[in-house]
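Here's the letter readout for the chains.
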Amino acid sequence: MTPTAIVGIGQTPVGEHWESGLRDLAREAIRAALDDAGLERVDAVYVGNAFGATISSQSQLGALIADFAGLKGAETFTIEAAEASGGAALRAGILAAASGMVETVLVLGVEKSTDTVGTARTKARSVSLDADYESIHGMTPTAQAALLMRRYMHEYGVELSAFENFSINAHANGAKNSNAMYRNTLKPGAFGKAPMIADPVSLFDSAPDADGAAAVIITRADRAADLVPQPIHVLASTAASDTLALHDREDPLWLRAVERSTLAAFAQAGISAGDVNLFEVHDAFTILSALSLEAAGFADRGHGWEWATTNQIGLTGKLPLSTFGGLKSRGNPVGAAGVYQAVEAVLQLRGAAGANQVQNAQTALIQSLGGLGSTAFTHIFQRA
Amino acid sequence: MTTAPKGVDNREGYQFAGTGEIFSYTTVQEPPEGYEEQAPYILALIKLDEGTMVTAQITDVVDASEIAIGDRVEMVTRKLTAEGERGMIVYGYKFRKVLERL
């Protein structure tokens, strides 16, 4: 693969943007990324989005957004992979830049998920499940996380409170991030008293649906050095899939797509788990953080939760997680979430993360999951 | 999809006995549109005796305090949802705790 690098980043605050449409959010993030890179034009735009055609009643996002953001004429693609749409668009953009066929690529993640509320939104969120064998029974992504979490607690003898620190950590970091949706900290003990959405998954366990847009600009590494003083190198870009339906997995407590894509990413980058300075984990639910730590090779099977209880995941810990609040506190702008992770990792590696800075961050791992690990996109970035 | 038992082609029809045990379960407080009437309802992963796992609701219980992981369950036919007042009624499978045979 021709080495590639990130030369520009942009993001909007994450939250309920009832006053802005998809195109407005997209434009804001794109203009910020272009300014950051000192560029006027890009050759291609890859848009990650999950709910354009459903919640926003808008498809053909590529042409719409390129036009509205002042990039008319660029080739455009829209990529959907549920909550991993952003990670998928990122990989597609990197492949395009690495191919040599396209010089400068802009990857955008954009979502408006809060324009519907209540049962209508839950229905829209559930279209990423198996319609004939899961959704028809009233299944939701939150209920699936609950099924995994209860089984995990049962098999490994883990208490609910063991997951608490994943959420506390996310909020401690999100509180310092001016772009985060929920900047409140979470007091110890509050997690266990929060109202249940699908027990044992509570309000303080589950990431909030949000609106937002984030963008990164990618080009060949040899060109990047001439464009910006601090290009961030893409060391690895990998993807893997698992069964769509949770019940089809031989071993539901093992995220096979996470394992495959992470091992492939480490091999591609020529590094091992110990070289990772921070991990933007797909923390839509605390159980996903625990299971991801295990499948990615950081923790032994059944021991992922211990990373939270022993507080190894803070900004000064052994493996900082969700350094800007993660999906939990920064908010979960579904199809944009994977691109937010990329923007945040670049800020860390530039040393520009402010109060959220992980000291001497050289290498960052980011991972975007669609469904409960049905799809995994894994990227490793490194400071030059 | 639902995966066929080992050695059986996934695309062929296969008749399960309809019995198994609860692998995991949860009570859904925030239902999707079309399932409001039933909420809160119990969803479970059921490990069938043939080894295949399926997703289904647990029915014929007051609440989840009556069930536990490992409980024996059997398939029954129930209404899953209705597409509005004048739309189609969708029937399908749910599971209930295995009844004592007298």
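Residues numbered from 1 in each chain as written. Chains lettered and ligands numbered in written order. Predicted model: local features only at pLDDT ≥ 70, side-chain atom pairs only at ≥ 80, totals over all residues.

Now for the overall build of chain A. Regarding its fold elements, chain A presents 13 helices and 11 strands. For chain A, the C-alpha radius of gyration of 19 Å lies close to 21 Å, the compact-globule estimate for 384 residues. Dimensions of chain A, computed from C-alpha atoms along their principal axes, come out at roughly 55 × 45 × 40 Å. Within the span of chain A, comprising 384 residues, buried residues form 64% of the whole. A fraction of 77% describes how many contacts in chain A between residues 6 or more apart in sequence connect residues 24 or more apart. (Helix = DSSP H or I, 4+ residues; strand = E, 2+ residues; numbered from the N terminus. Rg over C-alpha atoms; globule rule 2.2 N^0.38 Å. Buried ≥ 20, exposed ≤ 12 C-beta atoms within 10 Å, placed from the backbone. Contact = placed C-beta atoms within 7 Å.)

Right, let's get into the overall build of chain B. The number of helices and strands found in chain B is 0 helices and 5 strands. Along chain B, from the amino end to the carboxyl end, the secondary structure elements read β-β-β-β-β. When its C-alpha atoms are laid out on the principal axes, chain B stretches across 40 × 35 × 30 Å. Buried residues in chain B amount to 28% of all 102 residues.

The interface is formed by 27 residues belonging to chain A together with 30 residues belonging to chain B. Those elements giving two or more residues to the side of chain A that touches chain B turn out to be helix H4 (118-125), helix H5 (141-156) and strand S5 (196-198) of chain A.

For the rest of this paragraph, the subject is helix H1 (residues 22-37) of chain A. Think of an α-helix as turning once every 3.6 residues; residues three or four places apart then point the same way. Residues and elements named next belong to chain A. Between its terminal C-alpha atoms H1 stretches 23 Å, which fits the 22 Å expected from 16 residues at 1.5 Å a residue. Tucked into the core, H1 has its buried residues touching strand S1 (4-11), helix H2 (61-68), strand S4 (104-111), strand S7 (212-220) and helix H8 (221-227). Gly-38 sits one or two residues past H1 and shows a positive phi near 70°. (Expected span 1.5 Å × (residues − 1).)

Residues and elements named next belong to chain A. Strand order in the open sheet formed by 9 strands is S3-S2-S4-S7-S1-S8-S11-S10-S9, with mixed pairing between adjacent strands. Two strands in the sheet have a free side with no partner beyond their single neighbour: strand S3 (75-79) and strand S9 (278-280). Going across the sheet, the axis of each strand differs from the next one's by a mean of 25°, ignoring polarity. Relative to strand S10 (residues 363-370), S9 runs parallel, the two sharing 3 bridges. Each residue of the ladder has a partner; that of Glu-280, found in S10, is Ile-366. (Pairing = 2+ DSSP bridges. Axes fitted to C-alpha atoms, helices over the stretch in contact; angles between N-to-C directions.)

The terminal C-alpha atoms of H5 of chain A lie 23 Å apart, and with 16 residues this matches the ideal 22 Å at 1.5 Å per residue to within 8%. Buried within H5 of chain A are the following residues: Pro-141, Thr-142, Ala-143, Gln-144, Ala-145, Ala-146, Leu-147, Leu-148, Met-149, Arg-150 and Tyr-152 of chain A. The inward-facing, buried residues of H5 of chain A abut H4, S5, strand S6 (201-202) and helix H10 (286-295) of chain A together with strand S1 (19-28) and strand S2 (41-48) of chain B. Looking one or two places after H5 of chain A, you find Gly-157 of chain A, whose phi comes out positive at around 65°.

Right, let's talk about the packing of H1 of chain A against H2 of chain A for a bit. Residues and elements named next belong to chain A. Between H1 and H2, whose axes approach to 9 Å, the crossing angle comes to 55°. Considering the angle they form, H1 stands oblique to H2. Two packed elements cross with a definite hand, and for H1 against H2 that hand is right-handed. In this structure, H1 uses Leu-22, Arg-23, Ala-26 and Arg-27 to contact H2, whose residues at the interface are Leu-61, Leu-64, Ile-65 and Phe-68. When the residues that make up the contact of H1 with H2 are grouped by side-chain class, the tally is 6 nonpolar, no polar and 2 charged. (Parallel < 35°, antiparallel > 145°, perpendicular 65-115°, else oblique. Left-handed = near helix turned anticlockwise from the far one by under 90°. Nonpolar A, V, L, I, M, F, W, Y, C, P; charged D, E, K, R; others polar.)

Residue and element names in this part refer to chain A. One can read the domain layout of chain A as domain 1 (4-116 + 210-232) and domain 2 (138-207 + 233-383). One C-alpha centre belongs to domain 1, the other to domain 2, and the line joining them spans 23 Å. Listed as interface residues are 41 residues of domain 1 and, on the opposing side, 33 residues of domain 2. Those elements that provide at least two residues to the side of domain 1 that touches domain 2 are S1, helix H3 (85-99), S4 and S7. (Domains from an automatic or database assignment.)

Moving on to unusual backbone geometry. The omega angle of the peptide bond from Asp-199 of chain A to Pro-200 of chain A is 5°, so this bond is cis rather than trans. Of the consecutive residues Ala-39 of chain B and Pro-40 of chain B, the connecting peptide bond is found in the cis state with omega at -5°. Inspection of the secondary structure puts Pro-40 of chain B in the loop between S1 and S2. Not every positive phi belongs to a glycine, and Ser-57 of chain A is a case in point at roughly 50°. Within the secondary structure layout, Ser-57 of chain A lies in the loop between strand S2 (44-48) and H2. With a phi close to 50°, Ser-322 of chain A is a non-glycine residue in the positive phi region. Mapped onto the fold, Ser-322 of chain A is located in the loop between helix H11 (306-309) and helix H12 (326-329). For Ser-322 of chain A, a count of 30 C-beta atoms within 10 Å translates into the label buried.

Residues and elements named next belong to chain A. Among the 8 residues that make up S4, 8 are buried, leaving the element largely enclosed by the rest of the structure. Burial along S4 is two-sided: Thr-104, Leu-106, Leu-108 and Val-110 and Val-105, Val-107, Gly-109 and Glu-111, pointing in opposite directions, are all buried. For S2 and S4, the ladder comprises 5 bridges, and the chain directions are parallel. Within S4, the residue paired with Val-45 across the bridge is Leu-106.

General note: in soluble globular proteins, nonpolar side chains tend to be found buried as a group. Residue and element names in this part refer to chain A. Ranked by size, the top nonpolar core spans 146 residues in total, and within it Leu-108, Ala-215, Val-216 and Val-339 carry the most contacts. With 9 residues, the top contributor of residues to this core is helix H13 (residues 337-350). When residues of this core are assigned to domains, at least three fall in each of domain 1 (4-116 + 210-232) and domain 2 (138-207 + 233-383). Ignoring sequence-local partners within four residues, the contact set of Val-339 consists of Gly-48, Gly-86, Ala-89, Leu-90, Val-107, Leu-108, Gly-109, Ala-214, Ala-215 and Val-216. With 6 residues, the next largest nonpolar core counts Val-14, Ala-180, Tyr-182 and Phe-324 among its residues. (Core = buried A, V, L, I, M, F, W, Y, C linked by C-beta atoms within 7 Å.)

Moving on to the environment of Ala-273 of chain A. All names here are of chain A. Of note, Ala-273 is situated in the loop between helix H9 (256-269) and S9. Judged by the 16 C-beta atoms lying within 10 Å of it, Ala-273 is partly exposed. Along the chain, Ala-273 and Leu-319 lie 46 residues apart, while their C-alpha atoms are 9.8 Å from each other.

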